[in-house]
Amino acid sequence: GALEADLASVPDGAYRGRAKIGSFEYEVEAVGASGRLEAARATVNRASPYARWAEGVLAKAVRYGRNDVDAVTAATTTSKALLKALEKALSEGIR
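Predicted model only: the values in this text are computed from it and were never measured.

Criteria and cut-off values
- Residues numbered from 1 in each chain as written.
- Predicted model: local features only at pLDDT ≥ 70, side-chain atom pairs only at ≥ 80, totals over all residues.
- Heavy atoms only, no water.
- Phe/Tyr/Trp six-rings, centres within 6.5 Å; stacked < 30°, edge-to-face > 60°.
- Helix = DSSP H or I, 4+ residues; strand = E, 2+ residues; numbered from the N terminus.
- Buried < 20%, exposed > 50% of the residue type's maximum accessible area, 1.4 Å probe, protein only.
- Arc of directions from axis to C-beta.
- Contact = heavy atoms within 4.5 Å.
- Axes fitted to C-alpha atoms, helices over the stretch in contact; angles between N-to-C directions.
- Parallel < 35°, antiparallel > 145°, perpendicular 65-115°, else oblique.
- Left-handed = near helix turned anticlockwise from the far one by under 90°.
- Nonpolar A, V, L, I, M, F, W, Y, C, P; charged D, E, K, R; others polar.
- Pairing = 2+ DSSP bridges.

**Let's talk about the packing of aromatic side chains**
- The tally for this structure, following the rule as stated, stands at 2 aromatic pairs.
- Note on phenylalanine 24 and tyrosine 26: the rings are 4.8 Å apart at their centroids and 65° apart in plane angle, and the pair reads as edge-to-face.
- The interplanar angle of 90° and the centroid separation of 4.9 Å between the aromatic rings of tyrosine 50 and tryptophan 53 together place this pair among those described as edge-to-face. With tyrosine 50 and tryptophan 53 both in helix H1 (residues 49-54) and 3 residues apart, the pair spans about one turn of that helix.

Put into structure tokens, the structure is as follows:
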């Protein structure tokens with residue numbers, strides 16, 4: 001889904017968000033600066049190759065400044081979980 005957090009209102013800093021899919025909880029750290037998403041990385045992810053490939057969605061989100069980017073082929077579920085965790089991390093920043 002579209003990024004609900006308004007990036008312009010996120011104070012500079014690092015924020016963590018989590019999203020649970022099935023029995024696994026993914027975690028993402030997002031760094032906001034000057035109203036932009038500067039960095040995003042998975043801090044908790046499965047160890048499978050597909051889960052690692054899914055981390056590419058975070059680079060896309062940073063590049064385009066939004067989280068409604070296409071999921072990584074063959075890693076759709078994990079991609080969506082990481083994007084949801086990103087959204088939650090940025091939402092933490094505007095509270």
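**Some remarks on helix H2 (residues 56-64)**
- Those residues of H2 that fall on the buried side of the exposure criterion are Val57, Leu58, Ala61 and Val62. Summarising the axial view, the buried residues of H2 lie within an arc of 140°, below the 170-degree limit, and thus occupy one face.
- Contacts made by the buried residues of H2 are with strand S2 (24-33), strand S3 (36-44), H1 and helix H3 (76-93).
- Where H2 terminates, the next one or two residues include glycine 65, which has phi positive at roughly 70°.

**Things to note about the environment of serine 23**
- In this structure, serine 23 sits in the loop between strand S1 (13-21) and S2.
- Overall, the relative accessible area of 70% leaves serine 23 in the exposed class.
- Distance in space between the C-alpha atoms of serine 23 and alanine 33 is 33 Å, their sequence separation being 10 residues.

**Quick look at the packing of H2 against H3**
- Packing of H2 against H3 leaves a shortest axis separation of 9 Å and a crossing angle of 45°. By the angle between their directions, the pair H2 and H3 is classed as oblique. For the pair H2 and H3, the sense of crossing is right-handed. Seen from H2, the contacting residues are Val57, Leu58 and Ala61; seen from H3, they are Ser79, Leu82, Leu83 and Leu86.
- Here the residues of the contact of H2 with H3 are counted per class, giving 6 nonpolar, 1 polar and no charged.

**What about the pairing of S2?**
- By the bridge criterion, 9 bridges tie S1 to S2 in an arrangement that is antiparallel. Each bridged residue has a counterpart across the sheet, and for arginine 18 the counterpart in S2 is glutamate 27.
- Two successive antiparallel strands, S1 and S2, enclose a turn made up of 2 residues, where glycine 22 displays a positive phi of approximately 60°.
- The pairing of S2 with S3 spans 7 bridges and is antiparallel. What sits directly across from glycine 32, in S3, is leucine 37.
- The turn joining S2 and S3, which pair antiparallel and follow one another in sequence, is formed by 2 residues; a positive phi near 55° is taken by serine 34.

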